[in-house]
Amino acid sequence: MNFLFIIGGIVLLILGGNWLLKSAVALSLKLGISKIIIGMTVVSFATSAPELIVSINAALSGASDLALGNVIGSNIANLGLVLGITLLLGTMHVQKSFYRTDWPVMMIASLLLYFFLSDDEVITQNEGIILFSFLVGFLVYLLRFQKTSALEELPEEDKPMPVYNILFFFVLGGLGLWGGSELLINGATSMALQFGVSERIIGITIVSIGTSVPELAASVIAVLKKEKAISLGNLIGSNVFNILAVLGITSIITPVKLTDLGLLTSDIFWMLGISFIVLPLVFIPKRYRLGWRDGVLLLSAYATFIYFTI
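Keep in mind it's a predicted model, so treat the numbers as computed, not measured.

K.L.:
Just checking my understanding: could you explain the packing of helix H1 (residues 2-30) against helix H7 (residues 199-224) for this structure?
P.N.:
Think of two packed helices as two axes; the pair is described by the angle between the axes and how far apart they sit. One way to put it is that H1 packs onto H7 with a least axis distance of 9 Å and a crossing angle of 30 degrees. The angle between H1 and H7 places the two elements in the roughly parallel class. With respect to the hand of their crossing, H1 and H7 are arranged in right-handed fashion. Of H7, the residues touching H1 (which contributes Ile 6, Ile 10, Leu 13, Ile 14 and Leu 21) are Ile 206, Gly 210, Thr 211, Val 213, Pro 214 and Ala 218. Of the residues contributing to the contact of H1 with H7, the split by class is 9 nonpolar, 2 polar and no charged.

K.L.:
Honestly, the confidence of the model for the protein in this entry has me stumped. Any pointers?
P.N.:
One rule of thumb: low pLDDT means the predicted coordinates there are not for detailed reading. On average, residues of the protein score 84 in pLDDT, and 91% of them reach the 70 mark or higher. Every residue in residues 148-156 scores below 50 in pLDDT, and together they form 11 contacts with partners more than four places removed in sequence or on other chains.

K.L.:
How should the pattern of salt bridges be read in this particular structure?
P.N.:
A side chain with one charge may pair with a side chain of the opposite charge, provided their charged atoms come close. As enumerated under the stated definition, the model contains 1 salt bridge in all. In this structure, Asp 267 and Arg 200 form a salt bridge, with 2.7 Å as the shortest nitrogen-oxygen distance. In this pair, Asp 267 sits in helix H9 (residues 262-283) while Arg 200 sits in helix H7, placing the two residues 67 residues apart along the sequence. The same class applies to Asp 267 and to Arg 200, which are both buried.

K.L.:
Would you explain the packing of helix H3 (residues 64-88) against H9 in this entry?
P.N.:
Relative orientation of the contacting elements H3 and H9 amounts to 25 degrees, with a least axis distance of 9 Å. Here H9 runs roughly parallel to H3, going by the angle between their axes. Our pair here, H3 against H9, has a crossing hand that is left-handed. For the pair formed by H3 and H9, the contact residues are Asp 65, Leu 68, Gly 69, Ile 72, Asn 75, Ile 76, Leu 79 and Gly 80 on the first element and Leu 263, Asp 267, Ile 268, Trp 270, Met 271, Ile 274, Ser 275 and Val 278 on the second. Its residues assigned to classes, the contact of H3 with H9 comprises 10 nonpolar, 4 polar and 2 charged.

K.L.:
Looking at this structure, how should I read H1?
P.N.:
Note: α-helices contain 3.6 residues per turn, so residues at a spacing of three or four share the same orientation. A rise of 1.5 Å per residue sets the reference length of H1, with its 29 residues, at 42 Å; its end C-alpha atoms lie 42 Å apart and thus fit the reference within 8%. Where H1 ends, the next residue or the one after it, Gly 32, has phi of about 70 degrees, a positive value.

K.L.:
Would you mind going over a nonpolar patch on the surface with me for this structure?
P.N.:
Residues Phe 3, Ile 7, Val 11 and Leu 15 make up a contiguous nonpolar surface patch of about 350 Å² in total accessible area. Summarising the element assignment, Leu 15 is placed in helix H1. Judged by its relative accessible area of 36%, Leu 15 is partly exposed.

Thresholds, definitions, all that
- Residues numbered from 1 in each chain as written.
- Predicted model: local features only at pLDDT ≥ 70, side-chain atom pairs only at ≥ 80, totals over all residues.
- Heavy atoms only, no water.
- Axes fitted to C-alpha atoms, helices over the stretch in contact; angles between N-to-C directions.
- Helix = DSSP H or I, 4+ residues; strand = E, 2+ residues; numbered from the N terminus.
- Parallel < 35°, antiparallel > 145°, perpendicular 65-115°, else oblique.
- Left-handed = near helix turned anticlockwise from the far one by under 90°.
- Contact = heavy atoms within 4.5 Å.
- Nonpolar A, V, L, I, M, F, W, Y, C, P; charged D, E, K, R; others polar.
- pLDDT = per-residue confidence, 0-100.
- Salt bridge = Lys/Arg side-chain N within 4 Å of Asp/Glu carboxyl O.
- Buried < 20%, exposed > 50% of the residue type's maximum accessible area, 1.4 Å probe, protein only.
- Expected span 1.5 Å × (residues − 1).
- Patch = residues over 30% accessible without salt bridge, like charges linked within 9 Å, V, L, I, M, F, W, Y side chains within 5 Å.
- Areas by Shrake-Rupley, 256 points an atom, 1.4 Å probe, with all protein chains shown as cover.

This is the structure:
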């Protein structure tokens, strides 16, 4: 029954994330925002919504390790699993904004999380405010200085929706995310108790992969539609949102306390390592390009992480 709850929760999260993504992109099209910004902000926020809802729900339920494991595991899965699979489907050309702003912000956010946790093993309300304020500053920078950096023509199928349709999909997506998070949290915590597995292991594997499915779907669809700028921007942006928005907002609502030290002594270093390695991959062997060999390397790193974690 717990397994069915987890599967049902993941399905609802996928549907909810897709509906929210549909409304978010349609809204941004109405506002005339470029695709690079859509990928780094609107799409990233929409695909990070499952992590946000699940983490808040977990923290309020007293399962802080599940909330932390979800975010750290999702960040590892986004670059190791999702980017790895995406690269197997085709070569990805990388824009200069990746190493000028996107990657540095992701690394700074990741290091902030490490220092906040290593200091006293808890993300306090004040630290949550710092994380969220950093996100706001990053978004202001993006909208002010990169809004006109890439104005591509939209594919024919990307046509703006009427406002009532946008609202309908937004509400439907929100309800799907809420219902899915309830099922997933209840199923995951019950399964952890049933099999004697820690919340950290459940969060870093099953829950994180489940909440990363929207990123995988969005990235694969983006690649198949030749919208690869959105794909990489979505993944980097999603990792930034997971730390600065998901943990920032969650810790503002309630402190996120670390209980399983494995998150601090192992998992977070995997997150930092896989996040870092993407930069040299962009320049070696060909500059500003990621290919199938990079995908194999990232997938191998993710498989190794899962092997040593389980």
